[in-house]
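Chains, contacts and geometry: an overview
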Amino acid sequence: MALYEHVMLARQDVSAQQVETLVEQFKGILEANGGSVAKVEYWGVKSLGYRIKKNRKAHYSLLNIDAPATAVAEMERQMRINEDVLRFMTIRVEALEDGQSVMLQKRDRDERGDRFDRGPGGDRFDRGPRRERPRREDEATETVAGEA
């Protein structure tokens, strides 16, 4: 069976519980067709880059899937029918990631407050004072010639 990463965007006006129910419904479709879901992550409500079907925000969910192509096709068909699903994208991968996805790692980092940690290089504002550029001789003559 093939391995897939699937991201689903649901409307913002549905609750997180309803999104979880949707995910369970699609998980059931995959399992009924001989597949399995290795991991489900709920990323929360995030702003969209542009409006999709008059929505500015959406609930994001990630599914790591191990299923045959027919099962994934059936799940995608059901998603197209469901009006609560705004968009989805399924990508075939060589191996599924272990642990948290990058989105959850980013959220954890933001919550801990080490978002602005610059590491051993320090802060970008710890540079010394700015050096003055030496004046060229032709700049001085141009200003004098321009005034005359």
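In what follows, the structure referred to is the one given above.
Rules used in this analysis
Residues numbered from 1 in each chain as written. Predicted model: local features only at pLDDT ≥ 70, side-chain atom pairs only at ≥ 80, totals over all residues. Heavy atoms only, no water. Core = buried A, V, L, I, M, F, W, Y, C linked by side-chain atoms within 4.5 Å. Buried < 20%, exposed > 50% of the residue type's maximum accessible area, 1.4 Å probe, protein only. Helix = DSSP H or I, 4+ residues; strand = E, 2+ residues; numbered from the N terminus. Pairing = 2+ DSSP bridges. Salt bridge = Lys/Arg side-chain N within 4 Å of Asp/Glu carboxyl O. Axes fitted to C-alpha atoms, helices over the stretch in contact; angles between N-to-C directions.

**Quick notes on the nonpolar core**
One finds M8, F26, L30, I65 and M75 to be the most contacted residues of the largest nonpolar core, which totals 20 residues. Counting residues in hydrophobic clusters, the runner-up holds 10 residues, among them V7, L48, A58 and L104.

**As for the pairing of strand β3 (residues 55-67)**
Of all 13 residues that make up β3, 10 are buried, and the element is covered over most of its length. As defined by bridge partners, strand β1 (residues 2-11) adjoins β3 across 10 bridges and the pair is classed as antiparallel. For Y4, the partnering residue across the bridge sits in β3 and is I65. Direction of pairing for strand β2 (residues 36-52) relative to β3: antiparallel, over a ladder of 11 bridges. Looking at β3, one finds that E41 is bridged to L62. Here β2 hands over to β3 after 2 residues, with K53 in that stretch at a positive phi of 50 degrees.

**Regarding the environment of V19**
Here V19 is to be found in helix α1 (residues 16-32). A relative accessible area of 1% places V19 in the buried class. As for V19 and G44, which are separated by 25 residues in sequence, their C-alpha atoms are 9.9 Å apart.

**What to know about the pattern of salt bridges**
Applying the stated criterion across every chain yields a total of 4 salt bridges. R11 serves as the salt-bridge partner of D84, at 2.7 Å between the closest nitrogen and oxygen. Here the residue D84 occupies a position in the loop between α2 (69-81) and β4 (85-93), and R11 occupies one in strand β1, the gap between them amounting to 73 residues. The closest approach of N and O atoms between E41 and K39, which form a salt bridge, is 3.4 Å. By relative accessible area, K39 is classed as buried at 18%. When salt bridges that share partners are traced, they join R11, D13 and D84 into one network.

**So, the sheet that holds β4**
Strands sit in the order β2-β3-β1-β4 across an open sheet of 4 strands; the sheet is antiparallel. This sheet does not close on itself; its edge strands, each paired only once, are β2 and β4. The average undirected angle you get between the axes of adjacent strands in this sheet is 20 degrees. Pairing between β1 and β4: 8 bridges, direction antiparallel. Each bridged residue has a counterpart across the sheet, and for H6 the counterpart in β4 is T90.

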